[in-house]
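Each chain, written out:
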Amino acid sequence: MRVILHIDFNSYFATVEQQANPRLRSKPIGVTGGDRMKRTVLGAASVEAKKFGVKTGMQIWEAKKLCPGIILVPGDSDKYLEVTKRFLGILKGYSPYLEVFSIDEVFLEILSSGHSGAERSEAIESKLGKDSIGRPLASLQNDMIKMAHEIKSRIKSEIGEWITCSIGISYNKLMAKLAGSLQKPDGLVIIPDQKHAIEILDRVELDEICGIGERIKARLNKMGIFSFKTLRQVPKEILLFQFKSYGNFLYNASRGIDESRIIPFFEKEEVKSVGHRHTIDHDTSDPEEIKQILLKLTELVARRLRAKNLVGKTIHCWFRYSLHPDHTPGVSSMGTPGLHPGGERVFEGDGMQETIHYTDDGLEIFKTTWKLFENIWDRGEIRMIGVSISNLTPQTPLNLSLLEENKKKEVITKALDKINDKYGEFALKRGILLGTPQIRRMPNPFLADRRFKL
């Protein structure tokens, strides 16, 4: 007996930009990665741009080919986060069970027979009544539709008249998310029970369910499974044999079953990794240039570790090769660009990780990262490189060194961080980085490393 809302903002980054600048409204716009306008992908495409076939994640040149009049706007992650805080402020008044799925997407559990009276929102009881607890969604449809329209209206009046959202309402998270995707933009769909869920599942593609991507879909297709109706006919034992524990998800999803609970934002675990990647504005095979980029990236990673009072020990380095028109598609699994099975060109690359002692020092992270990169790089031209560190733990006095040399380094590092916090990233930096191109953090569509109070 659950009622869950899935609220998904339409073309979020693009719509926020249109709300902020009325001259962009009703025009096709694409939001790019911060100050980069070349060799990057679209962080978002407006509703108007999507009508031309432009999609989020598409290369800039592809978007311009489909929509020559597209207007490119630099992304501003702080602006999007501020708007997110405001709409979360609206939603938390409806229920404390608010799960932030991404910067523009949330789950809101309104009713559950498993919640005690103390946990229920007063706002919900005033709208639906105390006797609503335990009632099936089908009997509450009219009330839930009124609530959804109220949420949409408040978002427009309190955040901006140009911002819209699609709302899906159902008896579990999986079906609520599917319902929210069925009518976009600005949609409202209810899947009240399992019977209606199965009817809808039999009309959608396999990959329209969250959790089934292209690879899983391709594997299912190879087994002769092209629909949820066919998937339901496959014994669970076969699915477990083919997909291991993931077979349970496939078995349940095809039947509209999902028992996963709402995880309120305040219960979420701290970040599991910290990383940065950088798309270079030209192809390069120059070791010195790549070294400088990696050093900057590792310094950024280390700064964020120290800001969170964390240390980490597993370092991962990865990169993507450049893609030239004269490359032969489909050669080599990692070393050169090829074709996706669907005929789409993809950028090939490689990655590797290594575990060292706990650290938050940028130079130590760089030394390991460079060693990893040299092990997997074949001296070909690259276009993107990234580094991350995981296996994180809080920095404690036990992690601190008592060596005089290390204690001096810690004092200097703290002073550098204080100055860079005040005057901006790399206001002070290592001499080897003088004159190197600027690297900034780009808009991140997820809130993995940006915690804030609801």
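The shown structure was predicted, so the numbers you read here are calculated from the model rather than taken from an experiment. (Residues numbered from 1 in each chain as written. Predicted model: local features only at pLDDT ≥ 70, side-chain atom pairs only at ≥ 80, totals over all residues. Heavy atoms only, no water.)

Student: Can you help me understand the sheet that holds strand 3 (residues 44-45) in this one?
Tutor: The strands making up a sheet associate through backbone hydrogen bonding, with each pair oriented either parallel or antiparallel. If you trace the 3 strands from one edge of the open sheet to the other, you get 3-2-4, paired in mixed fashion. In the strand order of this sheet, the two ends are held by strand 3 and strand 4 (71-74), each with one partner. By the bridge criterion, 4 bridges tie strand 2 (residues 29-32) to strand 4 in an arrangement that is parallel. Its bridge partner being in strand 4, Gly30 is matched across the sheet by Leu72. Contacting strand 2, strand 3 and strand 4, helix 1 (residues 12-20) crosses the sheet at an angle of about 110° to strand 2. (Pairing = 2+ DSSP bridges. Helix = DSSP H or I, 4+ residues; strand = E, 2+ residues; numbered from the N terminus. Contact = heavy atoms within 4.5 Å. Axes fitted to C-alpha atoms, helices over the stretch in contact; angles between N-to-C directions.)

Student: What's the story with the packing of helix 7 (residues 173-182) against helix 8 (residues 194-201) in this structure? I'm lost.
Tutor: Each packed pair of helices is defined by two parameters, the angle between the axes and the distance between the axes. Two elements in contact, helix 7 and helix 8, have axes separated by 12 Å at closest approach and are oriented at 50°. Our classification of the angle between helix 7 and helix 8 gives oblique. In terms of crossing hand, the pair formed by helix 7 and helix 8 is left-handed. Residues Met175, Leu178 and Leu182 of helix 7 pack against Ala197, Ile200 and Leu201 of helix 8. Its residues placed into classes, the contact of helix 7 with helix 8 shows 6 nonpolar, no polar and no charged. (Parallel < 35°, antiparallel > 145°, perpendicular 65-115°, else oblique. Left-handed = near helix turned anticlockwise from the far one by under 90°. Nonpolar A, V, L, I, M, F, W, Y, C, P; charged D, E, K, R; others polar.)

Student: Sorry, what's going on with unusual backbone geometry here?
Tutor: Most of the time, phi is negative for any residue but glycine, and the peptide bond is trans. Between Lys184 and Pro185 the backbone carries a cis peptide bond, its omega angle lying at -5°. Here Pro185 shows up in the loop between helix 7 and strand 8 (188-191). Phi is positive for Asp186, close to 60°, though the residue is something other than glycine. The exposure class of Asp186 is partly exposed, given its relative accessible area of 37%. In the Ramachandran plot, Lys244 falls in the positive-phi region, its phi being about 60° despite a non-glycine side chain. Summarising the element assignment, Lys244 is placed in the loop between helix 11 (236-243) and helix 12 (246-253). Residue Lys244 is classed as exposed on the basis of its relative accessible area, which comes to 59%. (Buried < 20%, exposed > 50% of the residue type's maximum accessible area, 1.4 Å probe, protein only.)

Student: Honestly, helix 8 in this entry has me stumped. Any pointers?
Tutor: For the α-helix, the turn length of 3.6 residues means that residues three or four positions removed from each other point alike. Where helix 8 is concerned, the buried positions are Ala197, Ile200 and Leu201. With its buried residues spanning 100° around the axis, helix 8 presents them on a single face. Those residues of helix 8 that are buried lie in contact with helix 7, strand 8, helix 10 (228-231) and helix 12. (Arc of directions from axis to C-beta.)

Student: Would you mind going over the nonpolar core with me for this structure?
Tutor: Inside soluble globular proteins, nonpolar side chains tend to come together where they are buried. Ranked by size, the top nonpolar core spans 42 residues in total, and within it Leu5 and Ile169 carry the most contacts. Sort the elements by how many residues they give to this core and helix 4 (residues 77-91) lands first, with 7 residues. Leu295, Ile356, Ile376 and Val387 belong to the second-largest nonpolar core, a separate cluster that totals 28 residues. (Core = buried A, V, L, I, M, F, W, Y, C linked by side-chain atoms within 4.5 Å.)

Student: Looking at this structure, I do not really get the packing of aromatic side chains. What am I missing?
Tutor: The description of an aromatic ring pair uses the distance of the two centres, along with the angle that the planes make with each other. Enumeration according to the criterion identifies 11 aromatic pairs in this entry. For the ring pair Phe373 and Trp377, a centre distance of 4.9 Å and an interplane angle of 25° mean the geometry is stacked. Residue classification places Phe373 among the buried positions, given a relative accessible area of 0%. Through a chain of ring-to-ring contacts, the aromatic side chains of Phe9, Tyr12, Phe13, Tyr80 and Phe87 assemble into a single cluster. Lying over the aromatic face of Tyr251, Lys236 brings its terminal NZ or CZ to 4.8 Å of the ring centre. Geometry around Tyr251 places Arg255 over its ring, the cationic atom sitting 3.7 Å from the centre. (Phe/Tyr/Trp six-rings, centres within 6.5 Å; stacked < 30°, edge-to-face > 60°. Lys NZ or Arg CZ within 6 Å of the ring centre and 35° of its normal.)

Student: Please explain the pairing of strand 8 as it appears in this structure.
Tutor: If a strand is regular, its side chains alternate between the two faces of the sheet. Residues of strand 8 alternate between two faces, with Leu188 and Ile190 on one and Val189 and Ile191 on the opposite face, all of them buried. Bridge count for strand 7 (residues 165-170) against strand 8 is 4 bridges, and the pairing is parallel. What sits directly across from Ile167, in strand 8, is Leu188.

Student: Got a minute to help me understand the pairing of strand 7 in this structure?
Tutor: Extensive coverage of strand 7 is indicated by the burial of 6 of its 6 residues. Covered by surrounding structure in strand 7 are Cys165, Ile167 and Ile169 together with Ser166, Gly168 and Ser170, the residues of both alternating faces. Pairing of strand 1 (residues 2-9) with strand 7 involves 6 bridges; the strand directions are antiparallel. The partner of Leu5 across the bridge, within strand 7, is Ile169. What joins strand 7 to strand 8 is helix 7, and the crossover it makes is left-handed. (Right-handed = clockwise from strand over helix to strand, strands pointing away.)

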